[in-house]
Number of protein chains: 2
Amino acid sequence: MKTPAYDHLTATYQRLHRLGHLGAIAGWDQAANMPAKGNEARAAAIAELAALMHRMRTDPALGTEIERAEQENLDDVQRANLREIRRDWQRATALPDDLVQRREIATSRCEHAWRTQRPTGDWAGFLANFRPVLAIAREQAARLADASGLGRYEAMMDAYEPGMTTATVDRVFGEVRQWLPGLIQQVVARQAEQHRAEPLIDPVGPFDVERQRWLSEQVMRLLGFDFDAGRLDVSTHPFCGGVPEDVRMTTRYSTDNFLGSLMGTVHETGHGRYEQNLPRDWLGQPLAEARSMALHESQSLSFEMQIGGHPGFAALVSPLLREAFGEQPAFAPANLRRLLTRVKPGLIRVDADEVTYPAHIILRYEIERPLVEGEIEPEDIPALWDAKMMELLGLDTRGNFADGPMQDVHWPAGLIGYFPCYSLGAMFAAQWFGAIRRAVPDLDARLNAGDLAPALDWLKVNIWTQASRWTTDELAVRASGEPLNPAHFKAHLARRYLG
Amino acid sequence: MKTPAYDHLTATYQRLHRLGHLGAIAGWDQAANMPAKGNEARAAAIAELAALMHRMRTDPALGTEIERAEQENLDDVQRANLREIRRDWQRATALPDDLVQRREIATSRCEHAWRTQRPTGDWAGFLANFRPVLAIAREQAARLADASGLGRYEAMMDAYEPGMTTATVDRVFGEVRQWLPGLIQQVVARQAEQHRAEPLIDPVGPFDVERQRWLSEQVMRLLGFDFDAGRLDVSTHPFCGGVPEDVRMTTRYSTDNFLGSLMGTVHETGHGRYEQNLPRDWLGQPLAEARSMALHESQSLSFEMQIGGHPGFAALVSPLLREAFGEQPAFAPANLRRLLTRVKPGLIRVDADEVTYPAHIILRYEIERPLVEGEIEPEDIPALWDAKMMELLGLDTRGNFADGPMQDVHWPAGLIGYFPCYSLGAMFAAQWFGAIRRAVPDLDARLNAGDLAPALDWLKVNIWTQASRWTTDELAVRASGEPLNPAHFKAHLARRYLG
């Protein structure tokens, strides 16, 4: 059977994949290597490529080819790929070029100014740049909603989390909201009592950067990262970039504290292994891409939280810490494990532990959704922020803009609809480990013995190599028997922190 | 005055410059960073970009725009840019796509096999792959000659050295050929006598790689390299890559020998400063590109030979060697200078000193020119090689293919017509320093006092910032009062090695 229209589409996406490779490496290099004076030329080069790829992805001929390909005799895998191609084409063509350009200008300006406004908490200055960003985001949401039939916030979220509905997020976050503040109080009280009985011992620095690098690479190897198909380098803001065939992870080192960098690297290694294990047969096609941001986050959090907070991980890493930095009482497995599961409500999302993290996300969701839907205005944010921080975490944030609503890059960068993915990812991770425990009844004994293979193999088979073969709901059902169910996350936290 | 056709051309070349930026960084990364498993995807990505840029450069509409732009009211600078654009378009369109593809396949195969055939000196195996490479090179030469009116070898050389004629190369190399073997004998005898009187002291290793890196960076700073607009990294084959706004130099370190790496870095720094000082106002246009390969080599050899072999350089670097590796008798300025100007006929071109180097180039020119013009066949190479090595350098190379005609990557890679640029560059470098001595009569005293500024400033004003504003002859006349004149090279060698 000939499938000329489908073949033409896959050839176009193969070309996009190859050109995207150059943009990914140039972006990584910009963060990890590039000297200051290279920035203007680099930004222009990346923008030129992005414009070229945008023109390729919005070529009207592609729309016609998609219609034709729908009529061709495709197998199930091809049909799934066509579903993803259609989705990509619809999203690429939904926004007029002038809106994309206006968004680029407004978010660049807002994000650039935010970098100096945040330290001084200049909320008024921030609002002047954020209002146009929000106006464009509302316009974008309205257009995407019209084109897709989704709600406005839902349509924004769909860019990161295809198929996710606000009904589901409302239900899931609403449920978590009921028990989370109580759980946090219980855990904090319980840990305070434990620490009185047996004081927590902090590691004593300084920690040599070269030794930290060695440690990070050792731990990445334990977690199965393939250094023949990727690297670990340094950048100001750690990320996992590059391409599936050559994953470029970054971290940053502080001589005062190695644990933050190490667990950041463990987190990014989850992203990295997902990318390294995307199916090679489909590579270059939308089908071969990671399913969604929540699924991606479910992998980084499987590594950082599900594995990283397990007693088996502390036992595995403890001898490496001694080898890296010498003998310290803090490196005893039991103490290390308590360091890695310490719960402490705080102002900053990115520093939050796994118990308090969802409070930060629920708060942002409850603000950005009405914001983009026009129900509230930017002026309303501080009062809402203060009330919700008190309600969810018991913290007084009044007047603290820098560590309050100005702390994240997402809003100045126009990334509205992204925040829910972080906590949906944490919930998926707990759900995967529930499934792994059913499949491997002695999982905890295996992890305690330092054997990560059962967990990593399950993730490889059920998540990484599935890429975008299925919708998220289908993937969750195939992997774990049910769609997203936050009960697993609740059970995980209760067992780990109250068990 | 409106110049719509010219403006359209400059916009196209601006886009090519931006896209080329991504290819340059990806190519540098491939050599300096990329893990092994990334290679296939990287090669595909770079090839995709190259094909895309080739389509842009051969768009028939460009030919029409060039004709139209010729009729527009352009100033002198615009007209020079149009001259370079026309040249680029003519070269890009002279070869049919199928020839370019066949060449790519043949040279890839030959170069790949050569990497394993060279160590064993498998000449017969090499010939099997080299014959198709040569057949395609001859076809290419014939087509380029037809399109340009140049001779066949000349047309090949024109890719690297625009405007250079075989008449000039014949005249210049013919002249050098007369006096070079005699000079080499004289210098070798003289140095042997000096070494008997006062033995040369070799540095004693091992030399720590981190200390070597520090040393290289210090010397690059002395030579004016801007580390805010470039980097030094490590690769198997050192090169100067990246883009003018962000120059990526590489080197390699051996713990046995630091001088080779250091002087290689000095050489590449000459290329690097040329690139870093190309005129910013024209950047993105062909006018702003380095003039030619010989001009580029004239800069790397100005640094490595003209400056690096000067007593002032040994005096400047001597304290840095002590700081890097501790006190050693070999690091005394007088001994160091003798190490840096030691002359020794040898089999390998890339290891040759500045006195014997032209012999290697003349030999290759006298073989590759009749080869591409069909006057000799590949089977004839070994006998010619042996005869010329004996005649020029007094060395017996019979039966040694690995360190004989198989030693260079140029022939397996199809880079025929490139070799002359190396020695033309050495001659231009001597000519520039002749001009600098006339402009700065106390140049040697300044260099001996460690002041490199007069030499570097002259090169910046007269060569680097001129880019492709003038033809090579015009540039040479403006800079030094005459076109290429090998008398300066002869005078330089006589003064340095017999003075």
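Residues numbered from 1 in each chain as written. Chains lettered and ligands numbered in written order. Predicted model: local features only at pLDDT ≥ 70, side-chain atom pairs only at ≥ 80, totals over all residues. Heavy atoms only, no water.

1. So, the overall build of chain A
Keep this limit in mind: The helix count covers DSSP runs of H or I at least four residues long, the strand count covers runs of E at least two residues long, and both are numbered beginning at the N terminus. The quantity called the radius of gyration is restricted to C-alpha atoms. Its globule counterpart is 2.2 Å times the number of residues to the power 0.38. Burial classes: relative accessible area under 20% of the type maximum marks a residue as buried, over 50% as exposed, and values in between as partly exposed (1.4 Å probe, protein chains only). When checking whether two residues touch, look at their non-hydrogen atoms; a contact exists if any pair is within 4.5 Å. Note on areas: Shrake-Rupley with a 1.4 Å probe; residue coverage comes only from the protein chains shown. His is not counted, nor are the chain ends; Lys and Arg add positive charge and Asp and Glu add negative charge. Charged groups are reduced to one reference atom each: NZ for lysine, CZ for arginine, CG for aspartic acid, CD for glutamic acid.
Per the secondary structure count, chain A includes 20 helices and three strands. Against the 2.2 N^0.38 benchmark of 23 Å for 499 residues, chain A shows a C-alpha radius of gyration of 23 Å, consistent with a compact globule. Considering only C-alpha atoms, chain A reaches an extent of 70 × 55 × 50 Å along its principal axes. Taking all 499 residues of chain A together, 56% fall into the buried category. Across chain A, every contact between residues at least 6 apart in sequence was considered, and the portion connecting residues at least 24 apart equals 73%. Carbon and sulfur atoms make up 52% of the accessible area of chain A, which totals about 20,200 Å². Taken together, the 54 basic and 67 acidic charged side chains of chain A have centroids lying 1 Å from each other.

2. A look at the UniProt feature "binding site: Zn(2+)" (unreviewed entry) in chain A
All names here are of chain A. Basically, it comes down to this: UniProt positions are given in the numbering used here, feature names are shortened, and annotations may be inferred rather than shown by experiment.
Under the UniProt annotation, "binding site: Zn(2+)" (unreviewed entry) lies at H267, H271 and E297. The greatest C-alpha distance among the residues just named is 8.8 Å, despite their covering 31 residues of sequence, which places them together in space. Looking at the secondary structure, you find H267 in helix α10 (residues 259-276). Look past the residues within four positions of H267 in its chain and what remains in contact with it is E297, S300, L301 and E304. Assessed through its relative accessible area of 11%, H271 is described here as buried. Beyond its immediate chain neighbours, meaning those up to four positions away, H271 contacts C240, H296, E297 and S300.

3. Looking at the interface of chain A and chain B
Many descriptions give the size of an interface as the accessible area lost when the pieces come together. Heads up, the rule is: Summed over both partners, buried area is the accessible surface (1.4 Å probe) that two parts give up on being assembled. A carboxyl oxygen of Asp or Glu within 4 Å of a side-chain nitrogen of Lys or Arg is what we treat as a salt bridge.
Of the residues lining the interface, 33 residues belong to chain A; the matching set on chain B comes to 33 residues. Its largest share of buried area at the contact with chain B, chain A owes to L22(A), K37(A) and E48(A), together 20% of the area lost on that side. Where chain A meets chain B, there are 10 salt bridges. The partner of E48(A) in a salt bridge is R18(B), with the nearest N and O atoms 3.4 Å apart.

4. Remarks on the relation of the copies chain A and chain B
Which entries qualify depends on this criterion: Least-squares superposition aligns the copies on the C-alpha atoms of those residues with pLDDT at or above 70 in both.
Rotating chain A by 180° about the axis while translating it 0.0 Å along that axis superimposes it on chain B, leaving an RMSD of 0.0 Å. What the rotation and shift describe, once combined, is the action of a two-fold rotation axis. Measuring from the rotation axis to each C-alpha of chain A, the shortest distance belongs to L22(A), at 3.1 Å. The share of interface residues of chain A whose copies in chain B are also at the interface is 100%, consistent with both copies meeting through the same surface.

5. Concerning the sheet that holds strand β2 (residues 240-243) of chain B
Residue and element names in this part refer to chain B. Rule in force here: DSSP bridges decide pairing: two strands pair if at least two such bridges lie between them. To define axes, lines are fitted to C-alpha atoms, for helices over the stretch in contact only, and angles between the resulting N-to-C directions are given on a 0 to 180 degree scale.
Taken together, three strands build an open sheet; the order of strands is β1-β3-β2 and the sheet is mixed. Since the sheet does not close on itself, it has two edges, and those belong to β1 (230-234) and β2, each with one partner. Pairs of neighbouring strands in the sheet enclose a mean axial angle of 20°, with direction left out of account. Inspection of the sheet shows β1 paired to strand β3 (residues 246-251) by five bridges, in the parallel sense. By the bridge assignment, L232 is partnered in β3 with M249. Its contacts with the sheet put helix α10 (residues 259-276) on β1, β2 and β3, and the angle it makes with β3 is roughly 165°.

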